[in-house]
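One letter stands for each residue in the lines below.
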Amino acid sequence: MALVDYKFLLQSMLTHLKQGILVVDTEANVIFYNEPVTQIAGIGPREAIGKNILEIFPDLTPETSTFYYVLRTGKPLIEHVQTYCNYRGEKVTTVTSTMPLIHGGKIAGAFELYRELSTVKELSEKIISLQKELYKKASCEKNYNDGRAIYTFDNIIGSSHVIRELIEKAKKVADSSSPILVYGETGTGKELLVQAIHNASLLRRDRPFIAQNCAALPKTLLEGILFGTTAGSFTGARDRPGLFELANGGTLFLDEINSMDVELQAKLLRVLQDGVIRRVGGVRTTVVDVRVIASTNEVPQKAVEARLLREDLFYRLNVISLTIPPLRERKEDIPLLTEHFIKLYNRQLGKKVRGVSPEVMELFMNYRWPGNVRELKSIIESTMNFIEGEIIEVKDLPQNCNYFSPGEEQSPEYSSKVKLPPLGEAVENFEKNLILKAISVANGNYAEAARLLKVPRQTLHNKIKKYGLTKKFIPEQVDKI
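An account of the accompanying structure is given in this report.

## A word on the overall build of the protein chain
For the protein chain, the count of helices and strands is 20 helices and 14 strands. Each of the 481 residues in the protein chain was classed as buried or not, and the buried ones make up 42%. Taking contacts inside the protein chain between residues at least 6 apart in sequence as the whole, the part at least 24 apart equals 66%. In the structure as shown, the protein chain presents an accessible area of about 27,300 Å², 54% of it carried by carbon and sulfur atoms.

## What to know about the environment of T93
Tracing the backbone shows T93 in strand β4 (residues 91-103). According to the relative accessible area criterion, T93 is buried, its value standing at 4%. As for T93 and Y114, which are separated by 21 residues in sequence, their C-alpha atoms are 9.9 Å apart.

## Notes on the pattern of salt bridges
Inspection of every chain in the model, using the stated rule, returns 14 salt bridges. Across the pair K267 and E223 runs a salt bridge whose closest N-O atoms are separated by 2.3 Å. Residue K267 is found in helix α10 (residues 262-274), and its partner E223 is found in helix α8 (residues 219-227); the two are separated by 44 residues along the sequence. What makes K267 partly exposed here is its relative accessible area of 41%. With a relative accessible area of 14%, E223 lands in the buried category. Measuring nitrogen to oxygen at the nearest pair gives 2.7 Å for the salt bridge that ties D312 to R310. The partly exposed category is assigned to R310, whose relative accessible area is 26%. One salt-bridge network, held together by shared partners, links E305, E431 and K463.

## Examining the pairing of strand β6 (residues 180-183)
By the alternation rule, side chains of β6 split into I180 and V182 and L181 and Y183, which are all buried. In the sheet, β6 pairs with strand β11 (residues 291-296) via 4 bridges, with the strands oriented parallel. Across the sheet, L181 pairs through a bridge with A294, a residue of β11. Alignment of β6 against strand β12 (residues 320-323), held across 4 bridges, turns out to be parallel. The residue of β12 that forms the bridge with V182 is L322.

## Some thoughts on unusual backbone geometry
The backbone of R307 shows a phi angle near 60°, a positive value even though the residue is not glycine. The topology assignment puts R307 in the loop between α11 (300-305) and α12 (311-317). The phi dihedral of N443 falls on the positive side, at around 55°, and the residue is not glycine. Residue position: N443 is located in the loop between α17 (423-441) and α18 (446-453).

## What about the nonpolar core?
In terms of nonpolar packing, the biggest core is built from 29 residues, with L226, F244, L252, L254, I257 and M260 touching the most fellow members. Sorting elements by how many residues they give to this core places α10 first, with 5 residues. Not counting chain neighbours up to four residues away, the residues in contact with L226 comprise G242, L243, F244, L252, L254, M260 and L264. One finds L327, I334, I342 and V353 within the second-largest nonpolar core, a separate group that totals 24 residues.

How each quantity is defined
- Residues numbered from 1 in each chain as written.
- Predicted model: local features only at pLDDT ≥ 70, side-chain atom pairs only at ≥ 80, totals over all residues.
- Heavy atoms only, no water.
- Helix = DSSP H or I, 4+ residues; strand = E, 2+ residues; numbered from the N terminus.
- Buried < 20%, exposed > 50% of the residue type's maximum accessible area, 1.4 Å probe, protein only.
- Contact = heavy atoms within 4.5 Å.
- Areas by Shrake-Rupley, 256 points an atom, 1.4 Å probe, with all protein chains shown as cover.
- Salt bridge = Lys/Arg side-chain N within 4 Å of Asp/Glu carboxyl O.
- Pairing = 2+ DSSP bridges.
- Core = buried A, V, L, I, M, F, W, Y, C linked by side-chain atoms within 4.5 Å.

This is the structure in structure tokens:
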């Protein structure tokens, strides 16, 4: 009986597999690669060997790569769904199982089995789309109240580069299980973005979406709402599941996370790390599978410095960071948003407004919009409740909006004499100049400059980086103070 040629047998099996196999070392460099017959990754073994996994799949990052996650944590990821561009730039969706390679008690690398899911995903999306159309009229409002997200990326209005870039970035992480921290000023549409991410997730879109504003409730109530309560834990307490249990399998959106009590933030951090919750007053623990997306209307780093946000919680949430630009930084979207809101209130109010006059659009384009998109929407809604014509003129704008009312405009002579910078810009300029002055007094010694300013050295370095100040001390900069 002939001896079995195991090498030949193994090679034959690998050649006809519909699954791909990737093996990497501790640096995520490919050491073994077998592309399946379906050509999912779009690269051959000779090209792949020696390359870092991020070179083969360029739109993945250390935060979104399954290999980097497994190498970092030592935990396997089983049946994980990912959508990304392959080596040829083609968009693919795969189901992957990634496991660590343990040798001598240490991680020696990781291997992954992957198969294509693009066709299944397309069929699923068509079915979901049909279901939405069927139930749209009767149950749109009900679904939201029952823990469903109603907005998608199609509801985000804008064609500016910053908005298109934000949407593309958000789509890439929709199927990830990593936490997300969203930063945006008041009125920029944080929940709209978060709902769109939830609805773009193949894994979670049919599971609950629950939103909770952390500033709306005191600590004692918020803790019970988040984690649930046990009968007898306090007067009137009953056995009730918390939001983590109700959102199991889905998404929990924690708005204004910087308003949450710091002690409660510590308990939230424990849940994010372990995936285990315990009801208030209870002893039994429950494992939950919830993707947490948090938001803040303050710059996260400043919230950390002000001790409004725990530093360790910030690092755990900030695995994926998304920033929604204020309206003043995407003014090219104002005409589109104006048109969208006019159509919306034409339907709701039974009007036939066709648009705004050039004078109104000029006012809109020159205004700074501290309330962002919400303020624009509110002004158009208010105007359309009273307007009788088909074109919104300056006289139609709300009278309480002094910045739009023609009777409140400053005379040209006064405007030319008094030109004040925006408060935020003035504060930043003062801070920059103060930092440069401290560096000058300290003769370029950053540690001494930090002591003079009474801030941690790392804070000073962060501000130098934020304002783009020259790291090597340049006296000419100080001369401008």
